[in-house]
Each structure stands twice: as C-alpha cells, then as structure tokens.
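Each chain, letter by letter, is given below.
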Amino acid sequence: MSAEEDSHWLDWVTKQFESIAGDDKEIDIDEFKTALKVKESFFAERFFALFDSDGSGSISLTELLEALQLLIHGSESDKLHFLFQVYDVDGSGSIDPDELRTVLKSCLRESAISLPEEKLDDLTLALFESADKDNSGSITFEELKAELENFPEVMENLTISAANWLKPPAVDPQKRRGAPRYLTQAYWQNNSRKLLFLVLYALLNLTLFLGAVMQQRGGGGWFMMAKGCGQCLNFNCTFIMVLMLRRFLTWLRATWVVRVLPLDQNILLHQIVGYAILVFTTAHTTAHIFNFGKLSESGDFQLWEYLLTTRPGIGWVGGAASLTGIVLQLAIGLMVLCSSTFVRRSGHFEVFYWSHLSYVWVWSLLMVHCSNFWKWFVVPGLMFLLEKIVGMAVSRMAGLYIVEVNMLPSKVTHLVIKRPQFFHFKPGDYVYINIPAIAKYEWHPFTISSPPEQSDSLWLHIRSMGQWTNRLYEFFRTQEEQLEPKRLSASLRRRRVAEEFFSSTDCNGVASNEDDAIELKMYRQRGLTPPPDPQAPPPDPAEPPPDRLEPAERGEAPPLREVPAKLGENHRVCNIKVCKHI
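Attention in this report is confined to the structure presented alongside it. (Residues numbered from 1 in each chain as written. Predicted model: local features only at pLDDT ≥ 70, side-chain atom pairs only at ≥ 80, totals over all residues. Heavy atoms only, no water.)

A word on the overall build of the chain
Tallying secondary structure elements over the chain gives 23 helices and 13 strands in all. Within the chain, the fraction of its 582 residues that count as buried is 38%. Considering only contacts within the chain whose residues lie at least 6 apart along the sequence, 62% involve residues at least 24 apart. By element, 59% of the accessible surface of the chain is carried by carbon and sulfur atoms, the whole surface being about 34900 Å². (Helix = DSSP H or I, 4+ residues; strand = E, 2+ residues; numbered from the N terminus. Buried < 20%, exposed > 50% of the residue type's maximum accessible area, 1.4 Å probe, protein only. Contact = heavy atoms within 4.5 Å. Areas by Shrake-Rupley, 256 points an atom, 1.4 Å probe, with all protein chains shown as cover.)

Comments concerning the side chain of Thr413
Mapped onto the elements, Thr413 comes out in strand β6 (residues 412–418). Since its relative accessible area comes to 0%, Thr413 is described here as buried. Setting aside residues no more than four positions away along its own chain, Thr413 makes contact with Val405, Asn406, Met407, Leu460, His461, Ile462, Leu472, Tyr473 and Phe476.

Brief notes about the pattern of salt bridges
For side chains of opposite charge, pairing can occur when their charged atoms come near one another. In this structure the tally under the stated criterion is six salt bridges. A salt bridge links Glu442 to Arg471, with the shortest nitrogen-to-oxygen separation between them at 3.7 Å. One end of the pair, Glu442, is in the loop between β7 (430–434) and β8 (444–447); the other, Arg471, is in helix α22 (residues 467–483), and 29 residues separate them in sequence. The class of Glu442 is buried, set by a relative accessible area of 5%. For Arg471, a relative accessible area of 32% corresponds to the partly exposed category. For Glu474, the salt bridge identified is with Arg477, shortest N-O distance 2.4 Å. In this pair, Glu474 and Arg477 are both assigned in helix α22, three residues apart and thus about one turn of the helix distant. (Salt bridge = Lys/Arg side-chain N within 4 Å of Asp/Glu carboxyl O.)

Considerations on the nonpolar core
The biggest cluster of nonpolar side chains holds 33 residues, and the ones touching the most others in it are Phe239 and Trp363. Every element with two or more residues in this core is listed here: α12 (192–215), α13 (221–242), α15 (266–298), α17 (321–338), α20 (359–369) and α21 (373–395). Broken down by element, this core gets its largest block of residues, nine residues, from α13. (Core = buried A, V, L, I, M, F, W, Y, C linked by side-chain atoms within 4.5 Å.)

So, the pairing of β6
Burial analysis of β6 places six of its seven residues in the buried class, the great majority of the element. The sheet contact formed by strand β5 (residues 401–408) and β6 spans six bridges and is antiparallel. In the strand pairing of β6, Met407 is matched with Thr413. Counted between consecutive antiparallel strands, the loop separating β5 from β6 contains three residues, among which Ser410 sits at a positive phi close to 60°. Two elements, β6 and strand β9 (residues 457–463), share seven bridges in a ladder whose sense is antiparallel. Along β9, the bridge assignment pairs His414 with His461. (Pairing = 2+ DSSP bridges.)

Points about the packing of helix α7 (residues 117–131) against helix α8 (residues 141–148)
Relative orientation and spacing of two packed helices are given, respectively, by the angle between their axes and the distance between those axes. Packing of α7 against α8 leaves a shortest axis separation of 9 Å and a crossing angle of 110°. Considering their axes alone, α7 and α8 lie roughly perpendicular with respect to each other. Where α7 crosses over α8, the two elements pack in a sense that is right-handed. Residues Leu127, Ser130 and Ala131 of α7 lie in contact with α8, whose contacting residues are Glu143, Glu147 and Leu148. Residue composition of the contact of α7 with α8, grouped by class: three nonpolar, one polar and two charged. (Axes fitted to C-alpha atoms, helices over the stretch in contact; angles between N-to-C directions. Parallel < 35°, antiparallel > 145°, perpendicular 65-115°, else oblique. Left-handed = near helix turned anticlockwise from the far one by under 90°. Nonpolar A, V, L, I, M, F, W, Y, C, P; charged D, E, K, R; others polar.)

Remarks on the packing of aromatic side chains
Counted by the stated rule, this structure contains 19 aromatic pairs. Ring geometry for Tyr201 versus Phe239: centroids 6.3 Å apart, planes at 25°, classification stacked. With Tyr201 in helix α12 and Phe239 in helix α13, this residue pair connects regions lying 38 residues apart in the sequence. Of the residues examined, Tyr201 reaches a relative accessible area of 10% and is grouped as buried. The class of Phe239 is buried, set by a relative accessible area of 17%. Members of the aromatic cluster, connected to one another through ring pairs, are Phe197, Tyr201, Phe235, Phe239 and Trp376. Over the face of the ring belonging to Tyr432 we find Arg246, whose NZ or CZ atom lies 4.1 Å from the ring centre. (Phe/Tyr/Trp six-rings, centres within 6.5 Å; stacked < 30°, edge-to-face > 60°. Lys NZ or Arg CZ within 6 Å of the ring centre and 35° of its normal.)

What to know about a nonpolar patch on the surface
A contiguous nonpolar patch, built from Leu196, Val199, Leu200, Leu203, Leu206, Leu210, Trp256 and Val260 and spanning about 740 Å² of accessible area, is present on the exposed surface. According to the relative accessible area criterion, Val260 is partly exposed, its value standing at 33%. (Patch = residues over 30% accessible without salt bridge, like charges linked within 9 Å, V, L, I, M, F, W, Y side chains within 5 Å.)

Quick look at the packing of α13 against α15
Remark: α13 packs on α15, axes separated minimally by 8 Å, with the N-to-C direction vectors making an angle of 155°. By the angle class used here, α13 and α15 are roughly antiparallel. Where α13 crosses over α15, the two elements pack in a sense that is left-handed. Here the contact of α13 with α15 is composed, by residue class, of 17 nonpolar, eight polar and one charged.

Description of helix α5 (residues 76–87)
Between its first and last C-alpha atoms α5 spans 17 Å; for twelve residues at 1.5 Å apiece the expected length is 16 Å, and the two agree. Taken as a whole, α5 has its buried residues at Lys79, Leu80, Phe82, Leu83, Phe84, Val86 and Tyr87. (Expected span 1.5 Å × (residues − 1).)

Some points on the environment of Trp304
Locating Trp304 in the fold gives a position in helix α16 (residues 303–308). Residue classification places Trp304 among the partly exposed positions, given a relative accessible area of 43%. When residues no more than four places from it in sequence are discounted, the contact partners of Trp304 are Thr309 and Arg311.

What to know about the state of the cysteines
In protein structure, a disulfide is the covalent linkage between the sulfur atoms of two cysteines. Under the criterion given, the structure shown has zero disulfides. As a non-bridged cysteine, Cys237 has Cys370 as the owner of its nearest cysteine sulfur, 9.9 Å distant. (Disulfide = S-S within 2.5 Å.)

With respect to the environment of Ser410
Tracing the sequence through the fold places Ser410 in the loop between β5 and β6. Given the relative accessible area of 48%, Ser410 is considered partly exposed. As for Ser410 and Ser464, which are separated by 54 residues in sequence, their C-alpha atoms are 8.1 Å apart.

As structure tokens, then:
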C-alpha cells in the first residue's frame, strides 16, 4: 500500500473501531471481526491474540493501531517475525512443516502466485530441510530468517504487509461510478438472445392481455383488467413449468432453437416469469376487489361476501373462485418470497425447497379457480410428470458413492464418483448431484470432467464459488485434516527414518510404510543364502536344493497381489441426476 492508502486505511480502522467499541473503548474477538470485516476466522483469531498485548481478552484502539503501524511501516524482518508468530499457534517458538506450508500457501496466494499441491509440498519440505539445520523436526525464527536471506524473492513475497489480510474489500470502479451496464454495447451483444426472448415474451403477454380485454369490453374497466391479467396467468403458470423441463431443454439444445433462444439461461427466465406471475396475480386480485366493490353497491351481496363466501356463485366449481383466488394470492406471494436470494443463500435452502413444493397445490387450485386453465395445463403437465418420473428413476441409481476426494489449488474439490454400470454420457454433459452430508435437499449441476472412455468412475472438479460449494470444500478439508493433521511432519519423519536406516551398514532390513508406521522386514542379499536353522531337519541329499532366486531375479513377472477396496467413511454416498448439455 502507498503512504496515502495507508493513512486512509488507518483512518477507516479508527472509525470502524469507534463505531463498534462500547463505553470501555475496547472490543472483543467478535467485534474485532465485525470492525475489520475479517472473513478468515483463523487469521482473525491469531491477529487478535497478537494485538492483545496484555492478554486481557480485549484490545484497545491504542493496541490495535500500534500493531498495525508495525505491519505497515516495520522492516521486512519485523513483518516476517509477525508472520512467524501468527503461524506459531502453540507459541512454542518454532514451526513444523505443516505450519510452514500454511505460511507459504497463504503468502503465495497473497502474491497472486499459484502452485500445484505437489509442488507446494516439495517447496515446503525443501525449504524446511534446508532451514532445519539441527534436524530437530522444527525450525526457529532465526533459522527461517537465515534461510530466507538466501532467497530474496521468497523473502519479499513472505513479507508483504500482513495488513492486506485486514483491508476491506476493494470497491468495483464501475459500481463506484454507477455506470449503467445495461446500456453498454457489449451487454447488448453478449445478451442478444436473452433480450430477444424478453421482447417476444412481453409481446405475447401483451397480445393475450389485449385479446382478453377486447372479449370482455362490455364488463367494465376493472372486470376487463381482471380478465386480461387472468389470461396472462393461464399462460405464465404453465410456461414457468416448461422452463424447468431439463431433459426437454437438453433435447432442444441439439436443434436450431439454441441459436435463437437462451436455453442455457432457463433458471433466470424461470425467475423472471415467477416475478411476472406475482405482478399479474396482484393486479388480477386488485381488479376483482374493486369490481366486487362496485357490484356490492348495487347488488344483493356485500364486499366481504364476494371475497370470503361462495354465496354469489362466482366460479365454475361451487362458486369457489373468490376463496381459491385469495389462497392462490397468498401461496404465490409466499413462494416468491421464500425463493428470494437472501433466503436461498442465507443457510435456509430448506425454506426455499419446501415452499416451492407448493406448486402442486397452486396448480390444483388453479384448476378449481379457472374453468379454462386445464386446457393450458394438460400438455405441459404431462411433460412435467414424465420428466419427474424419469428423474426419480435416474436419481435412485444404486451404488453411487464418492470413492476419492482431492483438494486442489484455488479451492477446487476433485470428486471421484463410482460410475454406474449403465451410465452413458458425452463430452460436455453435466450431472445434478446431491450429497446428503452437505445438504439433504440441495441439487447442484456440475460438468463431468472425466472422459466417457473412463468406465470405472466419474470426475467432477468443483470450485468454491458459493455457499454449497464452500461447504463442500470445508467438509472434505476438515475430514482430511482429521485423518492427517500433520501430514508433512509425518512424511518428513518417515523420510529421515528411512535415510538413517539405509545409511547404516550393519542392518539387514527394508523399510515399508504401513499406516504411518515404519516396519522392518528381513531381506536377503543377492547370491547369499540365509543362515541355517539349527532346529530344522537336515536336507535330503537326493532332493535338489530349492531355487533361492525370486521371480524377478529369474526373469519372471512377479505375482500380482489383489488389494481389496475398503468401503469406509471416506466413501460418501451421493445421488445423481443426469442432464446432457450439447
């Protein structure tokens, strides 16, 4: 950060602190996260512990600014020492290989440098072994600093101001200027098919509205408006169903229609039609209320009787049009509310899921409410029913479980899923997956990244971009840490034990790795026979001596050993729906 940016940032920190701190002018860990908008809990807790110089469990503005001044204006050695303290979680004055790997990974990410996990492991172990002069299995700050002085570029990357982790997110220049993105030429070119669809959709609704109004032009203004909105609702309440026929849309993608209509944006269009239904429903209900008000002035029934009873006999099934209309208005409003972004992405997906299932009741009530709705519904309804039956059959494919998980750079989760026997797909196809351990009712689409020729498994590479994908990544990362909390430390210990063993000249053993333990097995050097067993019976002179050579020494292929696969807790069960994307 420049000097001007540092000054503005410190002023921002001061204002944030003063707006949150209480009468005691101090903040605790939760208020600290809120004040500085720190997202990573690990960093927040470590920073807070280091800023809390008196160990009181809270920090004052003076403690905070003194620590931040050191991070901003301190020397490279001061910044490196601060980082060393951040990752020395137990306060032992030294860090192990896994802690060093965390330092490297975080700081390289801060410097916009990406390394594969294997390369990062190699870099960590190489740096650790070079710095661990006494082979103690841990390195002190002096050892790390002395080693990094030999690599100035690495030293520079590691000593980038740790205050960058505490900076608030940068504001998008376009958002700051309020640029009208929807009016740019690039937006119109990139969204031409969507805009064409919206124009055609609006024209179709306008045509339906005007047609219904003209048919009822003798019934008064409010009645005409109610009928026009009702005709639009007949169309929209069935068209919204068509936009969710995934297999039908997949088939359309193989035709010329894909060049005209935005079939890949069916979810967005589904949302737009949903909001249109809410608008038309509200207008339809409002128009009927005003029309009933006029009728109650000169008729035999009062307004509440028109709305809440079947006495006026309005409707083709027992005069229940008004009652079903009120219930439909409430149900559609609730569905739209519960499908809002703030509900779906705030950890309440089940609210969205269960409220959306009320579409069955909405369609049933529409059948009772409107005498013509069934004509609009019959064909899309049969297609929807067939889609659901096929989807349920496919999602119940037996034997689907995750056989392997790899945590890749850039927070990518690589899932290896057992491939069903009769599962066929083409390049570019995607699947909807459901992992009950993550979220019981959520299904999410991901492109299959493995080739169709790979018959035993399916590969999915899932980048953490939203709530569900972040939960997926954190779930398996936690499992990995529980299984191997000190993976690099154990690897280094095994390597050093093996090196010490093979460097010994009076040992006849071979090291093998089994369950993170080193086991020594006796071996025989080439051309030598083992010492005789004094308790063994003497050999028969007529029997030829046994062939002491191993199969590989005789030029033969060694026998294959079958290793049975274990279906343990790491085999996470999942469900799959298949969709082809051409």
